Each structure stands twice: as structure tokens, then as C-alpha cells.
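Residue strings, one per chain:
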Amino acid sequence: MSLRDKPIGIFDSGLGGLTVVKAVLENMPNENIVYLGDSLNVPYGDKTSGQITEFAFRNTEFLLSKGVKAIAIACNTADSTSKGKLTQCYTLPIIGVVGPASEKAARLTRNKKVGVIATSTTVGSGAYERTVKSYLSDCEVFSVAAPLLVPLVEAGKIHKTDREMVDALNLYLTPLIQKGIDTLILGCTHYPLFYDLVKEMIPDINIVCSGTSSLDTLFDRLKAEELLNLSGKKGEAEFFVTGEPSYFGKHGGLFLGTSIEGKVKKAVI
Ligand code: DGL
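As a starting point, this report considers the structure included with it. Model, not experiment: these values are computed from the prediction. (Residues numbered from 1 in each chain as written. Predicted model: local features only at pLDDT ≥ 70, side-chain atom pairs only at ≥ 80, totals over all residues. Heavy atoms only, no water.)

1. Here we look at the overall build of the chain
Put simply, the test is: Strands here mean DSSP runs of E at least two residues long; helices mean DSSP runs of H or I at least four residues long; both are numbered from the N terminus. For the radius of gyration, the atoms used are the C-alpha atoms, and the globule rule reads 2.2 Å times the number of residues raised to 0.38. Exposure classes here rest on a 1.4 Å probe applied to the protein chains alone. A residue is buried below 20% of its type maximum, exposed above 50%, and partly exposed in between. Contacts were defined at the residue level, with two residues in contact if any of their heavy atoms lie within 4.5 Å. For the accessible areas, the method is Shrake-Rupley and the probe is 1.4 Å, while residue cover comes only from the protein chains on display. Charge assignment in this entry is limited to Lys and Arg as positive and Asp and Glu as negative, and neither His nor the chain termini are counted. Every charge is mapped onto a representative atom, which is NZ of Lys, CZ of Arg, CG of Asp or CD of Glu.
When you go through the chain residue by residue, the secondary structure sums to 12 helices and 10 strands. What you see for the chain is a C-alpha radius of gyration of 18 Å, in line with the 18 Å of a compact globule of 269 residues. When the backbone C-alpha atoms are referred to their principal axes, the chain occupies close to 55 × 40 × 35 Å. Here the chain holds 269 residues, and the buried ones make up 54% of them. In the chain, once contacts between residues fewer than 6 apart in sequence are set aside, the share between residues at least 24 apart is 75%. When the accessible area of the chain is evaluated, it comes to approximately 11,600 Å², of which 52% is carbon and sulfur surface. Looking at the chain, you have 29 positive and 29 negative side-chain charges, and the mean spots of the two groups are 2 Å apart.

Quick look at the structure:
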């Protein structure tokens, strides 16, 4: 098998990274994918950066054992705490989500006020402030830690009728609206699931999804390294989890737009 035909490894703490898998399948249909959801340790957002770095190395080793040609970290929390350490240790391309989302937000904002909602660990890392400012130095970046959102998404409470979700979003978005932001980064790959709800709540604000923003970077990097799959064949995706495969299989369809029930395997790590 040529290097180009090898899969892209994608990992997240759980279901959220499937939003990135969906985007890759739709936009780079020849690519094969191996996905790892570290569902045993979800949520990452309330863990220390040391713990997450440990998970990130272990996830990377697992994906390498599957012969991946590149790794997409489909998790803001792992990216903001561990990507630098991973890139120091491995030579294969490792693409994150924080850089591309920050670049897009810096490009979209007109009033130079950008809001971020993300996990507590991502916010605590300061990665979004630093990275948005690296593209637009006089931009003000306001971040809010949103610990209630990942558990609500994992529980499928993403609709207008889910009071807890609407209340949580109001709690996190109100201070950002009061700051006058014109651009909001959904700094967690679980969050696109309630994109429509946020759009309805703040229709005049640009919304940047961190996961899908990374697609162009992934494509450009694979192209530059002559790693794009040129086979013309439809790619295949394999799904592994560290936790319970049946739960993941049952709920994965919501994130992926197509059922993966019965197709998820237990990762032996
Ligand atoms: N989806 C991940 C992120 O983008 C992690 C969420 C979590 O496990 O807390 O940050």
C-alpha cells in the first residue's frame, strides 16, 4: 500500500470529533479514516493538561499502530494542551483545530472583538487568545468556559426544546454579547451539534466551528507532503473507542449524519 492510501488518524475524547470525520468524508471522499474516541475519559474539558497530554500520546500511539499517514486532533482541549508536545515527538503531519479556527475568526471580525466558548481546560490554556492575536494583534478575545455543554451534547440534548441546553447557552453567551463581539468561535468539536440553536439566538454574529475550519489546513498539509489519496476510490472509515462501543455506535449517527450502529470496535490500548 502506498503512503497516500494509508488512513488519516482522527481522535477526540468522544463523539464530538465525528463532526470532523463527517467534514473529511464529505470534502475529501477518497481518504480512508481511522477514528479513535477516548470515551472512557470523556469529558477531557475538566481534566488537567498533564492528564490530557498523557491521553493524547496514548491516542497517537494507537493511531500509529493502525498505520496512519497523518493525525488530525479533532479536539480543542487536546490541541490547546498537547499539540506542541506531540509535534516535538513525531514527524508525521499533526493538524489541530485551534489555529485554523483562530485564523478564520481573525479574518471575519470587523470590530476586532471575538468571543470563544470552549471547555474549561481549553479556556484555561489561553490558546485561543494567543492564537487569534497572532493573526490580529489588536483583537480583543473574550473566552467563557462552558462545562455544561459537552455532557448535554453527549446526552443528545441539543434541541430548542431542551430547556437545560437553552439555559446553559444563555448563561455562556450573554456575557459575550454584552462585550459586543461580532464573531464567536465554537471552540469545541462537540458544539456544531447545536449550531442552529446558537445561530437562532445570535443571528447577526459570525459563528466559526473549530472542527470544520481545520479542513483546509488538513488538505493543504497532505497536498504539500504528497500524501493526498489519489486512488479515486471511495474512502473507508473505521471507528474505535476506549469505552463502550454500543453506546458510541448508537449515538454516533447524530454527529456523523449516517448510522454507525454495530460498526464501532473496542480499542485495545
Ligand atoms: N470535543 C473536545 C473539544 O473540542 C473535548 C470535549 C471534552 O471532552 O470535554 O474540546
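Here the narrative resumes, following the displayed structure.
2. With respect to the environment of Leu 197
Along the chain, the position of Leu 197 falls in helix α9 (residues 195–201). For Leu 197 and Ala 56, which are 141 residues apart along the polypeptide, the C-alpha to C-alpha distance reads 31 Å. For Leu 197, the contacting residues outside a window of four places in its chain are Ile 158, His 159, Lys 160, Met 165, Val 166 and Leu 169.

3. A short note on the layout of surface pockets
Stated precisely, the cut-off is as follows: Only protein atoms enter the 1 Å grid used here. Points where a 1.4 Å probe fits but cannot escape make up a cavity, open sets with protein on both sides within 12 Å along at least five of seven lines make up a pocket, and a residue lines them when an atom lies within 4 Å of a point. Grid points are joined across faces, edges and corners, and a volume is the space filled by probe spheres set on the points. Each residue is assigned to one class: nonpolar for Ala, Val, Leu, Ile, Met, Phe, Trp, Tyr, Cys and Pro, charged for Asp, Glu, Lys and Arg, and polar for all the others, Gly among them.
Each pocket or cavity is described by its volume, and for the largest pocket that value is around 260 Å³. Elements represented by at least two residues in the lining of the largest pocket include exactly α3 (76–89), β4 (94–95), α4 (98–108), α6 (127–135) and α11 (215–224). Of all the elements, α3 adds the most residues to the lining of the largest pocket, at seven residues. The class makeup of the residues in the lining of the largest pocket is six nonpolar, eight polar and five charged. Of the volumes computed, that of the second largest pocket is approximately 180 Å³. Lining the second largest pocket we find Thr 19, Lys 22, Ala 23, Glu 26, Pro 192, Leu 193, Tyr 195, Cys 209, Thr 212, Leu 254 and Phe 255. Elements with a minimum of two residues in the lining of the second largest pocket: α1 (18–27) and α12 (245–256). Tallying contributions element by element places α1 first for the lining of the second largest pocket, with four residues. Of the residues in the lining of the second largest pocket, the class split is seven nonpolar, two polar and two charged.

4. Focus on the pattern of salt bridges
Basically, it comes down to this: Salt bridge criterion: a side-chain nitrogen from Lys or Arg within 4 Å of a carboxyl oxygen from Asp or Glu.
The full count for this structure, using the stated rule, is 12 salt bridges. Across the pair Arg 107 and Glu 103 runs a salt bridge whose closest N-O atoms are separated by 3.1 Å. Here Glu 103 and Arg 107 lie together in helix α4, a separation of four residues that amounts to about one turn. Owing to a relative accessible area of 29%, Glu 103 belongs among the partly exposed residues under this scheme. Residue Lys 265 is joined to Glu 238 by a salt bridge in which the shortest nitrogen-to-oxygen separation is 2.6 Å. On the criterion of sequence distance, the pair formed by Lys 265 in strand β10 (residues 264–266) and Glu 238 in strand β9 (residues 237–241) is long-range, its members being 27 residues apart.

5. What to know about the nonpolar core
Inside soluble globular proteins, nonpolar side chains tend to come together where they are buried. Cut-off, in case you're wondering: By nonpolar core we mean a set of buried residues, namely Ala, Val, Leu, Ile, Met, Phe, Trp, Tyr and Cys, connected to one another through side-chain atoms within 4.5 Å.
Of all hydrophobic cores here, the largest spans 56 residues; its most connected members are Leu 18, Ile 117, Leu 149 and Leu 184. The element contributing the most residues to this core is helix α8 (residues 163–178), with seven residues. Residue contacts for Leu 149: discarding those within four places in its chain leaves Ile 117, Met 165, Ala 168, Leu 169, Tyr 172, Tyr 191 and Phe 194. The next biggest cluster of nonpolar side chains, apart from the first, holds 20 residues, and it includes Val 68, Ile 73, Tyr 90 and Leu 92.

6. Brief notes about empty space enclosed by the protein
A full pass over the atoms with the stated rule returns one cavity of 30 Å³ or more. As for the largest cavity, its lining consists of 14 residues, of which Ser 13, Cys 75, Thr 77, Thr 119 and Cys 188 are closest to the centre. Looking at side-chain class alone, the lining of the largest cavity contains five nonpolar, eight polar and one charged residues.

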